[in-house]
Amino acid sequence: MRTHLYRGVLALVAALVFSAPAFAQGIVKGKVVDEKNQPVADAKVTITGPARNAETKTNNKGEYVQVGLQSGAYTITVTKDKLVATSKVNVTQGTPAESNMTLVPAATAGMSAEQKEVQAAAGAAIEALRAGRDDEAITKLNDVIVKLPTCSDCYYNLGLAYTHKQDWAAAEAALQKSIELKPTNPDPYNGLANVYNAQKKFDQALAMNQKASELSATTGGAGGGNAESIYNQGVVLFNAGKYAEAKVQFDAATKADPNNANAFYQLGMTSLNLGQIPDAVAALQTFVKLAPSDPKAAQVNSSLPALQQMLPK
């Protein structure tokens with residue numbers, strides 16, 4: 001009796017298993033590569049849809065797969081470090097949806113081909129500027145400005161290039177245009193201060209430095225950027241022969257940025273001009289510690305013993 005019952009149960013289970021309908025599962029799969037067409041491993045894949053969100057990662061071949069999705073439209077976002085890619089797919093049951101993607105820098109995501117071209121040109125211009133190829137940088141920056149006339153940073157870097165060439169009028173015009181487009185950026189004010197300082201227009205240089213300091217403080221740049229502005233004010237005052245006022249600025253610059261070797265050097269030189277030997281020695285000793293390989297360090301080292309002998313016993 002028990003044997004027949006057991007066999008009957010097994011038969012019922014088998015009938016249920018084989019007669020149960022098979023539910024299809026929605027699948028999304030694909031491959032993720034970088035701009036050099038190399039697979040990107042361990043990238044985060046987020047799949048957002050109408051009923052649920054899913055998350056997975058790419059394998060060592062850059063491949064990913066996600067099963068169990070309902071039918072509908074999904075957005076796939078892939079991220080790794082500062083790279084991103086997005087796509088949209090329509091998932092149906094039974095037939096896998098495929099989305100292969102190329103990761104690009106987040107800053108360029110969504111850009112048109114023309115926008116990417118302009119950005120690449122701007123990058124090439126900055127590279128030329130950093131390499132000291134000022135004429136090339138000027139040409140490239142002007143080309144970018146034709147396509148993007150509201151590029152404040154382009155005018156700022158153009159001003160730097162003209163400054164390197166000591167074309168003061170062109171540098172001033174470019175930096176003024178940068179300020180016109182973005183008046184809250186302290187950098188072009190610092191640039192103008194250097195332009196005016198080189199021409200011995202000390203009052204104008206000081207005004208530009210003060211404006212740069214104000215903007216650095218209000219935009220959260222109380223660190224290096226503000227220290228640079230304060231230092232530049234000291235340089236202007238020093239060149240104008242206002243040593244006491246210059247010392248105040250150099251001292252403030254060393255406090256704003258304790259690793260600013262030039263600020264300590266100028267503080268020492270200003271103290272010497274004021275006849276304040278102990279302050280000069282202390283500042284110059286710090287300068288040598290911060291910048292032992294600086295070309296000025298050898299001269300300072302040769303002068304320090306004589307200065308130290310002048311210290312009060």
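Scroll up a little and you will see the structure.
For the structure given in this document, a descriptive report is provided here. (Residues numbered from 1 in each chain as written. Predicted model: local features only at pLDDT ≥ 70, side-chain atom pairs only at ≥ 80, totals over all residues. Heavy atoms only, no water.)

**Some remarks on the overall build of the protein chain**
A tally of helices and strands in the protein chain yields 12 helices and nine strands. Out of the 313 residues in the protein chain, the part that is buried amounts to 38%. Of the roughly 17,800 Å² of accessible surface on the protein chain, a fraction of 54% belongs to carbon and sulfur atoms. (Helix = DSSP H or I, 4+ residues; strand = E, 2+ residues; numbered from the N terminus. Buried < 20%, exposed > 50% of the residue type's maximum accessible area, 1.4 Å probe, protein only. Areas by Shrake-Rupley, 256 points an atom, 1.4 Å probe, with all protein chains shown as cover.)

**A short note on helix H5 (residues 168–181)**
In this model, H5 (14 residues) spans 20 Å end to end at C-alpha, consistent with the 20 Å of a helix rising 1.5 Å per residue. Of all the positions in H5, only Ala170, Ala171, Ala174, Leu175, Ser178 and Ile179 are classed as buried. If you follow the buried residues of H5, they end up packed against helix H4 (152–164) and helix H6 (187–198). (Expected span 1.5 Å × (residues − 1). Contact = heavy atoms within 4.5 Å.)

**A word on the sheet that holds strand S6 (residues 83–91)**
One open sheet accounts for five strands, arranged S3-S2-S5-S6-S9; its pairing is antiparallel. At either end of the open sheet lies a strand with only one pairing partner, and these are strand S3 (53–57) and strand S9 (104–105). (Pairing = 2+ DSSP bridges.)

**Thoughts on the packing of aromatic side chains**
Summed over all chains, the structure comprises three aromatic pairs. Ring geometry for phenylalanine 238 versus tyrosine 243: centroids 5.2 Å apart, planes at 65 degrees, classification edge-to-face. Across from the ring centre of tyrosine 265, 5.0 Å away, lies the NZ or CZ of lysine 296, which sits over that ring. (Phe/Tyr/Trp six-rings, centres within 6.5 Å; stacked < 30°, edge-to-face > 60°. Lys NZ or Arg CZ within 6 Å of the ring centre and 35° of its normal.)

**Comments concerning the state of the cysteines**
The tally for this structure, following the rule as stated, stands at one disulfide. The side chain of cysteine 151 participates in a disulfide bridge whose partner is cysteine 154; the two sulfur atoms lie 2.2 Å from each other. Taking the sign of the torsion about the S-S bond as the criterion, the disulfide between cysteine 151 and cysteine 154, at about 75 degrees, is right-handed. What makes cysteine 151 buried here is its relative accessible area of 13%. (Disulfide = S-S within 2.5 Å.)

**Remarks on H4**
Look at H4: 19 Å from first C-alpha to last across 13 residues, which is about the 18 Å you get at 1.5 Å a residue. Of all the positions in H4, only Ser152, Cys154, Tyr155, Tyr156, Asn157, Leu158, Gly159, Ala161, Tyr162 and Thr163 are classed as buried.

**Some words on the pairing of S6**
One ladder, built from nine bridges, connects strand S5 (residues 72–80) with S6; its direction is antiparallel. Residue pairing for S6: valine 78 is matched across the bridge by alanine 85. Joining the antiparallel neighbours S5 and S6 is a turn of two residues, in which aspartate 81 adopts a positive phi near 55 degrees.

**Considering the packing of H4 against H5**
The interhelical angle for the contact between H4 and H5, taken along N-to-C directions, is 160 degrees, at an axis separation of 8 Å. On the basis of their axis angle, the class for H4 and H5 is roughly antiparallel. H5 is crossed by H4, and the crossing has left-handed handedness. For the pair H4 and H5, the contacting residues are Ser152, Tyr155, Tyr156, Leu158, Gly159, Tyr162 and Thr163 in the first and Trp168, Ala170, Ala171, Ala174, Leu175, Lys177, Ser178 and Leu181 in the second. In terms of residue class, the contact of H4 with H5 is built from 10 nonpolar, four polar and one charged. (Axes fitted to C-alpha atoms, helices over the stretch in contact; angles between N-to-C directions. Parallel < 35°, antiparallel > 145°, perpendicular 65-115°, else oblique. Left-handed = near helix turned anticlockwise from the far one by under 90°. Nonpolar A, V, L, I, M, F, W, Y, C, P; charged D, E, K, R; others polar.)

**Observations concerning the pairing of S3**
Along S3, the buried face is formed by Ala54 and Thr56; none of Asn53, Glu55 and Lys57, which line the opposite face, is buried. As paired elements, strand S2 (residues 44–48) and S3 share five bridges and run antiparallel to each other. Note that in S3 the partner of isoleucine 47 across the bridge is alanine 54. Between S2 and S3, which follow one another and run antiparallel, lie four residues.

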